[in-house]
Amino acid sequence: MAQSPDPRDPVRARWLALPPEPWKNGGGVTRTLAADPAGRWRVSIADIERDGPYSRFPGYDRVSVVLAGEGVMLQGEGVAVPLRLREPAVFGGDALLQSTLVGGPVQVLNLFVLRGGAMASVTCSGTASGCCEVGSLPVGADGLEVTRFRVTAGAYEITRGAEMPGVGTPGVGTPGVANLGAPATQTEFAVILDITVQKSAPN
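The notes below deal with the structure included here. (Residues numbered from 1 in each chain as written. Predicted model: local features only at pLDDT ≥ 70, side-chain atom pairs only at ≥ 80, totals over all residues. Heavy atoms only, no water.)

A closer look at the packing of aromatic side chains
Next up, step 1: Considering all chains together, one arrives at 3 aromatic pairs under this definition.
Next up, step 2: Both rings, one in Trp 41 and one in Phe 149, keep their centres 5.6 Å apart while their planes meet at 80°; by these two values the pair is edge-to-face. With a gap of 108 residues between them, Trp 41 in strand S4 (residues 41-48) and Phe 149 in strand S14 (residues 144-151) connect regions that are remote in the sequence. In terms of burial, Trp 41 and Phe 149 fall into one category: buried. (Phe/Tyr/Trp six-rings, centres within 6.5 Å; stacked < 30°, edge-to-face > 60°. Helix = DSSP H or I, 4+ residues; strand = E, 2+ residues; numbered from the N terminus. Buried < 20%, exposed > 50% of the residue type's maximum accessible area, 1.4 Å probe, protein only.)

This is the structure we're talking about:
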């Protein structure tokens, strides 16, 4: 899994300005917003231009949110995952999936979380089914920190929260991270991702 510098200071930028990484099968490109140097999580945005195989990421759980376009249907052996506009979808990265575009090209925000290495919450503003949680932390994990992403139609922000005293559920209103980022306005759609890890990755 590709990595990018671990942000220590707040980051505010336009994700469309990030360099696109072409897929090997030619079906689209990916822009990486940030990735944990220890490989416990990654956040990226993919432009999917045509039907084709979906990349496997064994050992990771995934959350995908369609930012633009009508949607994508992921199907595999005994697995069917609809990716809908502005709704988070949770699925395992182990399955061999085929993607079918519902109504043309889409842009999809993707979160990858290593099982047992990180936990995360994803909240989409203005949608009834716009919240989910994924991942887990080692039993007895302490010295935790939260990285928050706020992603809109063209921009993103990354901020890092203070250490949290014990394992909690990340998200808006979590102790130690309530002041991260800026709230979305009522007219602007935003996706908030709160990712919790141990401050020092275990050996």
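Some details on the nonpolar core
Next up, step 1: Core analysis: the largest hydrophobic core is formed by 28 residues, its most contacted members being Leu 33, Leu 67, Leu 109, Leu 111, Phe 149, Val 151 and Val 191.
Next up, step 2: Residues Val 66, Val 72, Leu 83 and Leu 101 belong to the second largest nonpolar core, which totals 14 residues. (Core = buried A, V, L, I, M, F, W, Y, C linked by side-chain atoms within 4.5 Å.)

Topic: the state of the cysteines
Next up, step 1: By the definition in use, this model includes 0 disulfides.
Next up, step 2: Free cysteine Cys 131: the closest other cysteine sulfur is in Cys 124, separated by 7.6 Å.
Next up, step 3: For Cys 131, a relative accessible area of 58% gives the class exposed. (Disulfide = S-S within 2.5 Å.)

Topic: the pattern of salt bridges
Next up, step 1: If you walk through the whole model with that rule in mind, you get 7 salt bridges.
Next up, step 2: A salt bridge links Asp 61 to Arg 115; the shortest N-O distance between them is 2.8 Å. In this pair, Asp 61 is assigned in strand S6 (residues 60-68) and Arg 115 in the loop between strand S11 (106-114) and strand S12 (118-124), connecting sequence segments 54 residues apart.
Next up, step 3: Looking at Asp 61, the relative accessible area reads 17%, which means it is buried.
Next up, step 4: Among the ionic pairs, Arg 148 bridges to Asp 194, the shortest N-O distance being 2.6 Å. You can see Arg 148 sitting in strand S14 and its partner Asp 194 sitting in strand S16 (residues 191-198), a full 46 residues away along the chain.
Next up, step 5: Taking relative accessible area as the criterion, Arg 148 reaches 6% and is therefore assigned buried.
Next up, step 6: Salt bridges sharing common partners tie together Asp 61, Asp 94 and Arg 115. (Salt bridge = Lys/Arg side-chain N within 4 Å of Asp/Glu carboxyl O.)

Thoughts on the sheet that holds strand S7 (residues 71-76)
Next up, step 1: Within the open sheet, the 4 strands sit side by side as S5-S10-S7-S8. Their pairing is antiparallel. Each having just a single partner strand, strand S5 (52-54) and strand S8 (79-84) make up the two edges of the open sheet. This sheet shows a mean twist of 30° between the axes of neighbouring strands, independent of strand direction.
Next up, step 2: Both S7 and S8 contribute to a ladder of 6 bridges, which runs antiparallel. Bridge assignment links Gly 71 to a residue of S8, and that residue is Arg 84. (Pairing = 2+ DSSP bridges. Axes fitted to C-alpha atoms, helices over the stretch in contact; angles between N-to-C directions.)

Remarks on the pairing of S7
Looking down a regular strand, the side chains alternate between one sheet face and the other.
Next up, step 1: Turn length for the S7-S8 hairpin, with the two strands adjacent in sequence and antiparallel, is 2 residues, and the turn residue Gly 78 shows positive phi of about 70°.
Next up, step 2: As defined by bridge partners, S7 adjoins strand S10 (residues 97-101) across 4 bridges and the pair is classed as antiparallel. Each residue of the ladder has a partner; that of Leu 74, found in S10, is Ser 99.

Here's the deal with the sheet that holds strand S9 (residues 89-92)
Next up, step 1: As summarised here, the arrangement of the 6 strands in space is S2-S3-S4-S11-S6-S9, forming an open sheet in which the pairing is antiparallel. Across the chains shown, the open sheet's two edge strands, defined by having one partner strand only, are strand S2 (21-22) and S9.
Next up, step 2: The sheet contact formed by S4 and S11 spans 8 bridges and is antiparallel. The residue bridging Trp 41 from the neighbouring strand is Val 113, located in S11.

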